[in-house]
Amino acid sequence: MIPFLKRYWSFLFIALIGINYAGFYLLKELLGISDALEHVESEHVIRKLKQKDFLYTLFADAVLIMDFSLVLLLLFVAGRKMVQLIIKK
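Residues numbered from 1 in each chain as written. Predicted model: local features only at pLDDT ≥ 70, side-chain atom pairs only at ≥ 80, totals over all residues. Heavy atoms only, no water.

Q: Can you break down the overall build of the protein chain residue by residue, with the values?
A: Helix and strand counts for the protein chain stand at 3 helices and 0 strands. Ordered by position from N to C terminus, the α and β elements of the protein chain give α-α-α. A compact globule built from 89 residues would reach a C-alpha radius of gyration of about 12 Å, whereas the protein chain, at 20 Å, exceeds it by more than 25%. For the protein chain, the C-alpha atoms occupy an extent of roughly 70 × 25 × 15 Å along the three principal directions. Taken across its 89 residues, the protein chain has 12% of its residues classed as buried. For the protein chain, contacts bridging at least 24 residues in sequence account for 60% of all contacts bridging at least 6. A total accessible area of about 7800 Å² is found for the protein chain, and carbon and sulfur atoms account for 72% of it. Of the charged side chains in the protein chain, 11 are positive and 8 negative, and the gap between their average positions amounts to 24 Å. (Helix = DSSP H or I, 4+ residues; strand = E, 2+ residues; numbered from the N terminus. Rg over C-alpha atoms; globule rule 2.2 N^0.38 Å. Buried < 20%, exposed > 50% of the residue type's maximum accessible area, 1.4 Å probe, protein only. Contact = heavy atoms within 4.5 Å. Areas by Shrake-Rupley, 256 points an atom, 1.4 Å probe, with all protein chains shown as cover. Lys, Arg positive; Asp, Glu negative; His and termini not counted. Charge placed at Lys NZ, Arg CZ, Asp CG, Glu CD.)

Q: Which residues make up helix α3 (residues 43–88), and what values go with them?
A: Taking 1.5 Å per residue as the helical rise, α3 with its 46 residues ought to reach 68 Å, and the 67 Å between its terminal C-alpha atoms agrees with that figure. Those residues of α3 that fall on the buried side of the exposure criterion are I46, L49, A60, V63 and D67. On its buried face, α3 sits against α2 (9–39). Looking at where α3 begins, the residue whose side-chain oxygen comes 3.4 Å from the main-chain nitrogen of H44 is S42. (Expected span 1.5 Å × (residues − 1). Polar contact = N/O pair within 3.5 Å; in protein donor to acceptor, adjacent residues only side chain to side chain.)

Q: Describe the packing of α2 against α3, and please don't skip the residues or the numbers.
A: Two quantities define a packed helix pair, namely the angle between the axes and the distance from one axis to the other. Interaxial distance between α2 and α3 falls to 9 Å at its minimum, and their mutual angle equals 145°. In terms of crossing hand, the pair formed by α2 and α3 is left-handed. (Axes fitted to C-alpha atoms, helices over the stretch in contact; angles between N-to-C directions. Left-handed = near helix turned anticlockwise from the far one by under 90°.)

Q: Can you lay out a positive patch on the surface for me, pointing to particular residues and giving the numbers?
A: Taken together, the side chains of K6, R80, K81 and K88 define a basic patch exposed on the protein surface. Counting residues per element, the positive patch draws most heavily on α3, which supplies 3 residues. Along the polypeptide, K88 turns up in helix α3. (Patch = residues over 30% accessible without salt bridge, like charges linked within 9 Å, V, L, I, M, F, W, Y side chains within 5 Å. Salt bridge = Lys/Arg side-chain N within 4 Å of Asp/Glu carboxyl O.)

Q: So what about the side chain of N20? Which residues, and what values?
A: Within the fold, N20 resides in helix α2. When near neighbours in sequence (up to four residues on either side) are disregarded, N20 contacts V63 and D67.

Q: Which residues make up α2, and what are the values?
A: Here α2 is 31 residues long and its end C-alpha atoms lie 46 Å apart, about the 45 Å a rise of 1.5 Å per residue gives. For α2, every residue scored as buried is listed here: L16, N20, G23, L26, L30 and I33. Buried residues along α2 sit in contact with α3.

So, in structure tokens, the structure goes:
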């Protein structure tokens, strides 16, 4: 798995940027949906907007969890490298 990541890290990085862009775009859309829910009176439209709100929130939360886990992974890897450097000296 590690050689695969070393080989295709640029493609993974571009995919990560795309996923983050989509997640933050959906966060922007969520604000519009929340505003629309305040002014809509039709039950059918309210149900449809709540379904969209749920799906967008699910995807945005998944993106945020992925970002936080990536930050923790990078901190772990950096910490492990620092410990290895200290032990070698």
